[in-house]
Amino acid sequence: MRRLRERTGGEGRPDAPQGRHPDNSSARPGEVSSISASVTFEDGKTDLSASGRSTIADMTSKVKDQRWVVEIRGHAGPLETLGNVDRAFALSFERAMNVARAMVAQGARWEQLRVVAAGDKERLVPRTFSRDQDRTNQRVEIIQTQVPVPPDPYSRQSSAGDE
């Protein structure tokens, strides 16, 4: 707050805690590397189109042998869910799961995937007035993160002394 006031011409409180890094503008770096691909869907549908399957196959071949978590983030459009929050999250989750299943069928590992349902809250087009505009929000994003795949705590690494 102090830095915000100083930048806007207001004064900061002299008794405010200073912190170790007063010039930092974020608490920690983000974990999203980039949105690597996007798969679109028809109104109210969760099934994959031929072009969607092609996009998924291409992305899976690029990420399946990497050690980074891949986030599969499903979205729904506001016009296709008409403000029904349950419907928006169910639709976005099922879309994301269908993409994740297709990636696993192409060779990705479940441990590598993080499935997220965003409902209709993360829109590419914030205010839509037609079905054509709304369709841009009906998608699943495949996102390469900078988070390493965590080791499986239940797997047992064999060592030289184990027989």
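Keep in mind the model is a prediction, meaning the values are calculated, not measured. (Residues numbered from 1 in each chain as written. Predicted model: local features only at pLDDT ≥ 70, side-chain atom pairs only at ≥ 80, totals over all residues. Heavy atoms only, no water.)

Asks: Would you mind showing me how to read the pattern of salt bridges here?
Replies: A side chain with one charge may pair with a side chain of the opposite charge, provided their charged atoms come close. Overall, the coordinates contain 11 salt bridges when judged by the stated rule. Residue D58 pairs with K62 through a salt bridge whose shortest N-O separation is 3.4 Å. Of the two residues, D58 and K62 are both situated in helix α2 (residues 50–63); the distance of four residues between them amounts to about one turn of the helix. When the shortest N-O distance is used, the salt bridge between R95 and E80 registers 2.8 Å. Here E80 lies in helix α3 (residues 78–81) and R95 lies in helix α4 (residues 85–105), a separation of 15 residues in the sequence. Through salt bridges with shared partners, one network takes in E71, R73, R114 and E122. (Salt bridge = Lys/Arg side-chain N within 4 Å of Asp/Glu carboxyl O. Helix = DSSP H or I, 4+ residues; strand = E, 2+ residues; numbered from the N terminus.)

Asks: Sorry if this is basic, but what is going on with the pairing of strand β4 (residues 139–148) here?
Replies: Two faces belong to every sheet, and in a regular strand the side chains alternate between them. Burial runs high along β4: seven of the 10 residues are buried. Note that strand β2 (residues 68–74) and β4 share six bridges and pair antiparallel. Directly across from W68, in β4, lies its bridge partner P148. (Buried < 20%, exposed > 50% of the residue type's maximum accessible area, 1.4 Å probe, protein only. Pairing = 2+ DSSP bridges.)

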